[in-house]
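Overview (structure and organization)
Chain by chain, the residues run as shown.
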Amino acid sequence: MTEEQTAGTTAAERTAVERTAVEPTARAAYADCVLCGEPTEHLATVKGATLCPVCAWQEAQRTACSG
């Protein structure tokens, strides 16, 4: 917001506007984990099963050679 736009608004209103302007785009950019639903480090456009770091670690432990 420019100074001209914020002249008639309160700090709480400016914060609410800035938060709604930032959060949807930031959240929509990342895919959810297919196992637990937590956000991952992968973009939503990545193909395949996306896992969060915790589920990826657990999956690697399950599939590792125990031999």
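Use the structure listed above.
Residues numbered from 1 in each chain as written. Predicted model: local features only at pLDDT ≥ 70, side-chain atom pairs only at ≥ 80, totals over all residues. Heavy atoms only, no water.

1. Re the overall build of the protein chain
Counting secondary structure elements, the protein chain contains three helices and two strands. When the helices and strands of the protein chain are placed in sequence order, the string is α-α-β-β-α. Looking at the protein chain residue by residue over its 67 residues, the buried ones come to 10%. The contacts of the protein chain with a sequence gap of at least 6 include a subset with a gap of at least 24, amounting to 2%. Taken as a whole, the protein chain presents about 5400 Å² of accessible surface, with 58% of it coming from carbon and sulfur. (Helix = DSSP H or I, 4+ residues; strand = E, 2+ residues; numbered from the N terminus. Buried < 20%, exposed > 50% of the residue type's maximum accessible area, 1.4 Å probe, protein only. Contact = heavy atoms within 4.5 Å. Areas by Shrake-Rupley, 256 points an atom, 1.4 Å probe, with all protein chains shown as cover.)

2. Some thoughts on the side chain of Thr50
Along the polypeptide, Thr50 turns up in the loop between strand E2 (39-43) and helix H3 (53-63). Apart from the residues within four sequence positions on either side, Thr50 is in contact with Ala31, Asp32, Cys33, Val34, Thr40 and His42.

3. What about a nonpolar patch on the surface?
Taken together, the side chains of Tyr30, Leu43 and Val46 make up a nonpolar region of the molecular surface, amounting to roughly 260 Å² of accessible area. Topologically, Leu43 is positioned in strand E2. Leu43 sits in the partly exposed class, given a relative accessible area of 44%. (Patch = residues over 30% accessible without salt bridge, like charges linked within 9 Å, V, L, I, M, F, W, Y side chains within 5 Å. Salt bridge = Lys/Arg side-chain N within 4 Å of Asp/Glu carboxyl O.)

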